[in-house]
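Analysis of the macromolecular model
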Amino acid sequence: MRILFIANYSQLYGANRSMLTIIEYLHNNEYDVKLILPSKGDICQELDMIGIDYKVIPMFTQLYYLKRNIKYLALPILDIWTFFKLPFLIKEAKKFSPDIIYSNTSAEMTGIEVAKKLGVKHISHIREFMDHGAQFIMGKKGKKRFINQSDGVIYVSYSVANHVNLGEPLGKSQRVIYNGLKDANVEFEDKEICNSLNLGVVGIFDKAKGQDLAINAMPKILKIFPNAKLNIWGDKEGGFKRVIHKLVKSLNLDNSVVFHGFEKNSNQIYKDMDILLMCSRCEGFGRVTVEAMQRGIPVIGLNTGGTSELVKDGFNGYLFNSIQEIPSKLSLLLESKEHYNHIRRNAYTESRSMYSVTQYCKSVEDFICQIYSL
């Protein structure tokens, strides 16, 4: 089978990492795969290393979404530019002659149009809500109808499926398939509760990721755990980066918050982390949550989106509904060494059984074959 993947960006953030896992699996299992990218980026190096064919065709894939962003003032120009580029994409797709076109999150517009032109099946893999700070121009019902033009739809979580389907049950050609991650090569060992508590937040600088929530919680956390440090991993230039740096200064947290920048090596991020704070306001799934759990790092997460599906309050971590609850959840988690390690072990064991790469890739492969055979 020949499968053409279309991505909406070219960096190695979570959605593309999860897509790359599928592409590599299918390639190793003798499927013919190719990826279309809108620009050069970090993912190109990975594709070159594993020998995956790809083509860069500059275009703007998120045409049907509006954001409060100066870039979106140019939406009519981006529309014209992308529709000018579409014939080049169609030509490239025809050369590859795919049996299935697979659009990674937010690339549905492009994928559906190309699939129609070629008369082949189309699968949308929806990995995020895409509604935080954005609005689909045809409204929520229009978004649902548009995505359901696909022959098959994969949702990264039940929260995302429920959001897009407006509460209606999944159709016959729709599936929820949780992401799978390669197991971190870490053996579980009990840990002491350190006096200098290392809290972590991981993600690009964006309001949706909630770094500001973690920072705002720190003054109350420090009253209970005065030697705690908040380690912020990630980066992205822009207004929100300035906001959170300013927030740290205004709260006099320069000695308690450490900005580490972007780090490709996951082991470096998690090696000294005691607890992950997952403060994302609209996380579709939460690769970071699973990455932490696989290393025996418990997660205290905002009770929303995919986080509320991955974190089971009081079993493998804790959920909070407001930043005022974070200190009390920390206190519950750290009430004793025995309890802390019990939660850690549950997180470690469950994440490795439920979110394995093998299970994830096999589920996606089976779904692709099912849609192809319809």
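Preceding block: the structure.
These lines cover the structure that appears in this document, whether it is placed above or below. Given the structure is predicted, the values throughout are model-derived calculations rather than measurements.

Rules behind the numbers
- Residues numbered from 1 in each chain as written.
- Predicted model: local features only at pLDDT ≥ 70, side-chain atom pairs only at ≥ 80, totals over all residues.
- Heavy atoms only, no water.
- Helix = DSSP H or I, 4+ residues; strand = E, 2+ residues; numbered from the N terminus.
- Rg over C-alpha atoms; globule rule 2.2 N^0.38 Å.
- Buried < 20%, exposed > 50% of the residue type's maximum accessible area, 1.4 Å probe, protein only.
- Areas by Shrake-Rupley, 256 points an atom, 1.4 Å probe, with all protein chains shown as cover.
- Pairing = 2+ DSSP bridges.
- Right-handed = clockwise from strand over helix to strand, strands pointing away.
- Phe/Tyr/Trp six-rings, centres within 6.5 Å; stacked < 30°, edge-to-face > 60°.
- Lys NZ or Arg CZ within 6 Å of the ring centre and 35° of its normal.
- Axes fitted to C-alpha atoms, helices over the stretch in contact; angles between N-to-C directions.
- Contact = heavy atoms within 4.5 Å.
- Core = buried A, V, L, I, M, F, W, Y, C linked by side-chain atoms within 4.5 Å.

1. Considerations on the overall build of the protein
Secondary structure assignment for the protein yields 14 helices and 15 strands. Scaling as 2.2 N^0.38, a compact globule of 374 residues should have a C-alpha radius of gyration of about 21 Å, and the protein matches this with 21 Å. Looking at the 374 residues of the protein, the share that counts as buried comes to 55%. Summing over all exposed atoms, the protein offers an accessible surface of approximately 16700 Å²; the carbon and sulfur share of this is 51%.

2. Remarks on the pairing of strand β10 (residues 198–202)
Taking burial as the measure, the 5 residues of β10 include 4 buried ones, the bulk of the element. Taken together, the 5 bridges between β10 and strand β11 (residues 229–233) define a ladder with parallel strand orientation. Its bridge partner lying in β11, asparagine 198 is registered against lysine 229. After leaving β10, the chain enters helix α7 (residues 211–224) and then returns to the sheet as β11, a path that is right-handed.

3. A short note on the packing of aromatic side chains
Taken as a whole and assessed by the stated rule, the structure comprises 8 aromatic pairs. Measuring from ring centre to ring centre gives 5.8 Å for tyrosine 178 and tyrosine 355, while their planes differ by 80°; the resulting arrangement is edge-to-face. Linking tyrosine 178 in the loop between β9 (174–176) and β10 with tyrosine 355 in the loop between α13 (337–354) and α14 (357–373), this pair joins segments that are 177 residues apart in sequence. For tyrosine 355, a relative accessible area of 0% corresponds to the buried category. Directly above the ring of tyrosine 340 sits arginine 344, whose terminal nitrogen or CZ lies 5.8 Å from the centroid.

4. Details of the sheet that holds β11
Taken in spatial order, the 6 strands of this open sheet run β12-β11-β10-β13-β14-β15, and their pairing is parallel. Looking at strand neighbours, the two that pair on one side only are β12 (257–261) and β15 (317–320), the edges of this open sheet. Between one strand axis and the next, the sheet turns by 20° as a mean value, whatever way the strands run. Of the strands in this sheet, β10, β13 (275–278), β14 (299–302) and β15 are in contact with helix α12 (residues 326–333), which crosses β15 at around 165°.

5. A closer look at the sheet that holds strand β5 (residues 100–104)
Strands sit in the order β3-β2-β1-β5-β6-β8-β9 across an open sheet of 7 strands; the sheet is parallel. Edge positions in the sheet fall to β3 (53–56) and β9, since each has one partner strand and no second. If you compare each strand with its neighbour and ignore which way they point, the axes differ by 20° on average. Where strand β6 (residues 121–126) lies against strand β8 (residues 152–155), 4 bridges are found, and the strand directions are parallel. Paired with isoleucine 123 across the bridge in β8 is glycine 152. Packed onto the sheet, α14 meets β1 (2–6), β5, β6, β8 and β9 and runs at close to 150° relative to β6.

6. Digging into the environment of valine 120
For valine 120, the location among the structural elements is in the loop between α4 (108–118) and β6. Along the primary structure valine 120 and aspartate 99 are separated by 21 residues, whereas in three dimensions their C-alpha atoms are 6.1 Å apart. With sequence-adjacent residues up to four places away left out, valine 120 is seen in contact with Pro98, Asp99, Ile101, Ala115 and Asp151.

7. A closer look at unusual backbone geometry
With a phi angle near 55°, leucine 166 is a residue other than glycine that sits in the positive phi range. Following the sequence through the fold, leucine 166 ends up in the loop between α6 (158–164) and β9. The exposure class of leucine 166 is partly exposed, given its relative accessible area of 37%. In this structure, asparagine 252 is a non-glycine residue whose phi angle is positive, near 55°. Residue classification places asparagine 252 among the exposed residues on the basis of a relative accessible area of 66%.

8. Some remarks on the nonpolar core
In globular proteins that are soluble, nonpolar side chains generally tend to be buried together. Counting 34 residues, the largest nonpolar core has Leu199, Ile221, Leu230, Ile275, Leu277 and Leu330 as the members making the most contacts within it. Ranked by residues supplied to this core, first place goes to α7 with 7 residues. In this view, leucine 277 contacts Leu199, Gly200, Val201, Ala214, Leu230, Ile300 and Ile326; residues no more than four positions away in its chain are not counted. Listed in part, the 30 residues of the second largest apolar core include Leu12, Leu20, Ile43 and Ile371.

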